[in-house]
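Structural characterization, general
In case you want the letters, here they are:
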Amino acid sequence: MPGINYEDFLDLDYEPRDSELVCTFAVEVASDMDMADAAGRVASESSNGTWAELQVEGSITDLSATACAIDGNRVTVAYPDALFEEGNMAQVLSCIAGNILGMKAVERIRLLDCEWPEPLATSFPGPQFGTGVREEIFDAGDRPITATVPKPKIGLSTGQHAQIGYEAWTGGLDLLKDDENLTDQAFNPFADRLTESLAQRDRAEDETGETKSYLVNVTADTRRMLERVDMVAEHGGEYVMVDVVTCGWSAVQRVRERCAEHGLAIHAHRAMHAAFDRVPDHGVSMRVIAQVTRLCGADQLHTGTADLGKLENEDSAGINEWLYSDLHGLNDVLPVASGGLHPGLVPELIDRLGSNLCVQAGGGVHGHPDGTHAGAKALRAAVDAAAAGEDIGAKAEAVPELATAIEKWGTETPR
Ligand SMILES: O=C(O)[C@@](O)(COP(=O)(O)O)[C@H](O)[C@H](O)COP(=O)(O)O
Ligand SMILES: [Mg+2]
């Protein structure tokens with residue numbers, strides 16, 4: 001029986017097969033280690049090896065990953081298809097983003113990117129609608145769709161929440177969105193919030209003649225999430241929102257199945273992503289988190305504001321490009337730009353990220369000097385102008401609410 005050890009997982013002449021998942025890592029080796037040794041360890045510990053020499057049956061090595069390229073601090077690893085359970089994202093991540101992130105053999109290691117092969121990628125459902133929501137739900141034409149989160153984040157009563165929705169929708173916005181930490185608390189219970197907000201939505205649709213919708217946060221343990229998804233469908237909602245990172249991918253996959261039964265779209269909030277991706281040379285990149293979110297089936301995903309807003313972003317434009325790109329026929333994903341946005345930042349935002357987007361502003365709407373309705377009108381006007389290639393200053397002459405917003409915030413990035 002052949003013995004396997006770390007060296008057996010390194011082959012710089014190896015050409016990955018089309019059926020293999022290919023991952024790129026940034027590796028900072030420990031002081032007593034060289035890159036080749038570290039690369040073998042990464043491939044070994046993320047597939048089927050360990051620190052001790054093992055006597056194994058020949059076929060077992062078919063499941064061994066191969067470190068097949070080293071380029072500076074970049075290590076590329078190819079994973080055989082049979083290593084993975086089809087359609088099981090938690091298992092895939094336990095391989096490629098598991099123990100290796102804690103190995104002493106490396107000072108820092110970051111999973112930067114993955115090339116998803118067809119067999120593995122298509123074992124996941126992908127999004128039901130993706131960017132198609134702009135047409136299929138909103139008839140938004142070429143403009144970005146817009147959303148607002150009532151602020152303060154939590155603490156508003158159900159009535160206040162729904163009223164803010166009405167004012168935002170009649171001010172021209174497409175979506176009301178719950179905040180990531182608003183679920184089913186006593187001050188604003190889920191069931192009441194759902195029914196009252198959708199009632200206000202219906203009123204706003206009648207008055208504006210435009211389709212409006214609600215990103216209601218169903219985040220909870222999986223059993224309660226499925227109950228809430230059913231409730232949304234029962235009451236005529238089109239969307240559910242899920243905190244995908246804090247819920248975990250297995251729960252997301254279960255919610256995706258249930259949403260398919262009801263034809264509901266999924267808005268993915270990424271709260272806690274920064275725990276994985278903020279330190280630039282360690283963890284799991286937002287690019288990979290976005291890839292996983294698409295495979296698991298969310299239609300919309302927060303990907304940042306191209307550094308225009310209040311939160312740190314990792315390459316919003318590059319991640320968005322990947323979310324639009326072909327992935328073995330799976331649907332694309334609509335990126336969501338959010339976090340410190342206000343009307344004055346919209347022209348630059350659209351310049352940097354294009355119009356195939358959802359633009360969310362909470363403080364940038366409800367902080368308007370004249371209140372939510374005026375703030376909504378200002379954001380909608382800014383988005384319409386940007387999509388039409390119209391100068392925002394000229395638009396502000398026609399829309400006083402926009403002029404007021406620009407006067408208050410200019411084009412500054414909040415901190
Ligand atoms: O709570 C907030 O901060 C927001 O509701 C934005 O509010 P404002 O519009 O008032 O800033 C969103 O959760 C962040 O945008 C999430 O970050 P990201 O989009 O980067 O995932
Ligand atoms: Mg929020």
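Owing to the predicted nature of the structure, the values given are computational and were not obtained by experimental measurement.

Let us now look at the nonpolar core. Ile96 and Trp116 are the most contacted members of the largest nonpolar core, which totals 78 residues. Both of domain 1 (8-121) and domain 2 (130-409) provide at least three residues apiece to this core. Core analysis: the next-biggest nonpolar cluster, separate from the first, contains 28 residues, Ala306, Ala337, Val383 and Ala396 among them.

Next up on the list: helix α9 (residues 249-262). The end-to-end C-alpha separation of α9 is 20 Å, in line with the 20 Å expected for 14 residues at 1.5 Å each. Turning to α9, its buried residues are Trp249, Ala251, Val252, Gln253, Val255, Arg256, Arg258 and Cys259. Elements in contact with the buried residues of α9: α2 (89-96), α7 (222-234), β10 (239-243), α8 (244-247), β11 (265-269) and α11 (286-296).

Taken together, 17 residues lie around ligand 1, and Lys153, Arg270, Lys310, Ser338 and Gly340 are the ones closest in. Arg270 is positioned such that a nitrogen or oxygen atom in its side chain is 2.7 Å from an oxygen atom of ligand 1. Take Ser338: an N or O atom from its side chain is 2.6 Å from an oxygen atom of ligand 1. Considered on its own, ligand 1 offers 490 Å² of accessible surface; in the complex 92% of this is hidden by protein. Among the residues forming the shell around ligand 1, the class breakdown is three nonpolar, eight polar and six charged.

Below, the discussion takes up the packing of aromatic side chains. Enumeration over the complete set of coordinates arrives at two aromatic pairs. Here Tyr79 and Phe84 contribute two aromatic rings whose centre-to-centre distance is 6.1 Å and whose plane-to-plane angle is 50°, an arrangement assigned as tilted. Take Phe84: its relative accessible area is 8%, and that puts it in the buried class. One cation-aromatic arrangement involves Arg228 over Phe190; the distance from NZ or CZ to the ring centre is 5.4 Å. Sitting over the face of the ring of Trp322, Arg294 holds its NZ or CZ atom 5.0 Å from the ring centroid.

What follows covers a negative patch on the surface. A contiguous patch of negative charge on the surface is contributed by Glu7, Asp8, Asp34, Asp37 and Glu53. Take Glu53: it is sitting in the loop between α1 (35-45) and β3 (54-55).

A few words on the side chain of Thr219. Inspection of the secondary structure puts Thr219 in the loop between β9 (213-215) and α7. For Thr219, a relative accessible area of 12% corresponds to the buried category. Among the polar contacts listed, one links the side chain of Thr219 to the backbone nitrogen of Asp243, at a separation of 2.8 Å. Beyond its immediate chain neighbours, meaning those up to four positions away, Thr219 contacts Thr183, Met225, Arg228, Met241, Val242, Asp243 and Cys247.

Okay, the coordination of the magnesium ion (ligand 2) next. For the magnesium ion (ligand 2), the full set of protein donor atoms is Asp179 (OD) and Glu180 (OE), and the range of their distances to it is 1.9 to 2.1 Å. Residue Asp179 is classed as buried on the basis of its relative accessible area of 3%. The class of Glu180 is buried, set by a relative accessible area of 18%.

Glancing now at the sheet that holds strand β13 (residues 300-302). Read from one edge of the open sheet, eight strands run β9-β8-β7-β15-β14-β13-β11-β10, paired in parallel fashion. A strand with exactly one partner marks an edge of an open sheet, and here the two such strands are β9 and β10. Within the sheet, the average angular offset between the axes of one strand and its neighbour, ignoring direction, is 25°.

Our focus in this paragraph is the pairing of β11. Within β11, five of the five residues are buried, leaving the element largely enclosed by the surrounding structure. Of the two faces of β11, both are covered, the one formed by Ala265, His267 and His269 as well as the one formed by Ile266 and Ala268. Pairing of β10 with β11 involves five bridges; the strand directions are parallel. Bridge pairing in β11 links Tyr239 to Ala265. Here β11 pairs with β13 via two bridges, running parallel. Residue pairing for β13: Ala268 is matched across the bridge by Leu301.

Conventions used here
- Residues numbered from 1 in each chain as written.
- Chains lettered and ligands numbered in written order.
- Predicted model: local features only at pLDDT ≥ 70, side-chain atom pairs only at ≥ 80, totals over all residues.
- Heavy atoms only, no water.
- Core = buried A, V, L, I, M, F, W, Y, C linked by side-chain atoms within 4.5 Å.
- Buried < 20%, exposed > 50% of the residue type's maximum accessible area, 1.4 Å probe, protein only.
- Domains from an automatic or database assignment.
- Helix = DSSP H or I, 4+ residues; strand = E, 2+ residues; numbered from the N terminus.
- Expected span 1.5 Å × (residues − 1).
- Contact = heavy atoms within 4.5 Å.
- Near = heavy atom within 4 Å.
- Polar contact = N/O pair within 3.5 Å; in protein donor to acceptor, adjacent residues only side chain to side chain.
- Areas by Shrake-Rupley, 256 points an atom, 1.4 Å probe, with all protein chains shown as cover.
- Nonpolar A, V, L, I, M, F, W, Y, C, P; charged D, E, K, R; others polar.
- Phe/Tyr/Trp six-rings, centres within 6.5 Å; stacked < 30°, edge-to-face > 60°.
- Lys NZ or Arg CZ within 6 Å of the ring centre and 35° of its normal.
- Patch = residues over 30% accessible without salt bridge, like charges linked within 9 Å, V, L, I, M, F, W, Y side chains within 5 Å.
- Salt bridge = Lys/Arg side-chain N within 4 Å of Asp/Glu carboxyl O.
- Lys, Arg positive; Asp, Glu negative; His and termini not counted.
- Charge placed at Lys NZ, Arg CZ, Asp CG, Glu CD.
- Donors = N, O, S within 2.8 Å, 3.2 Å for Na, K, Ca; no water.
- Pairing = 2+ DSSP bridges.
- Axes fitted to C-alpha atoms, helices over the stretch in contact; angles between N-to-C directions.

Just distances and angles here, no functional claims.
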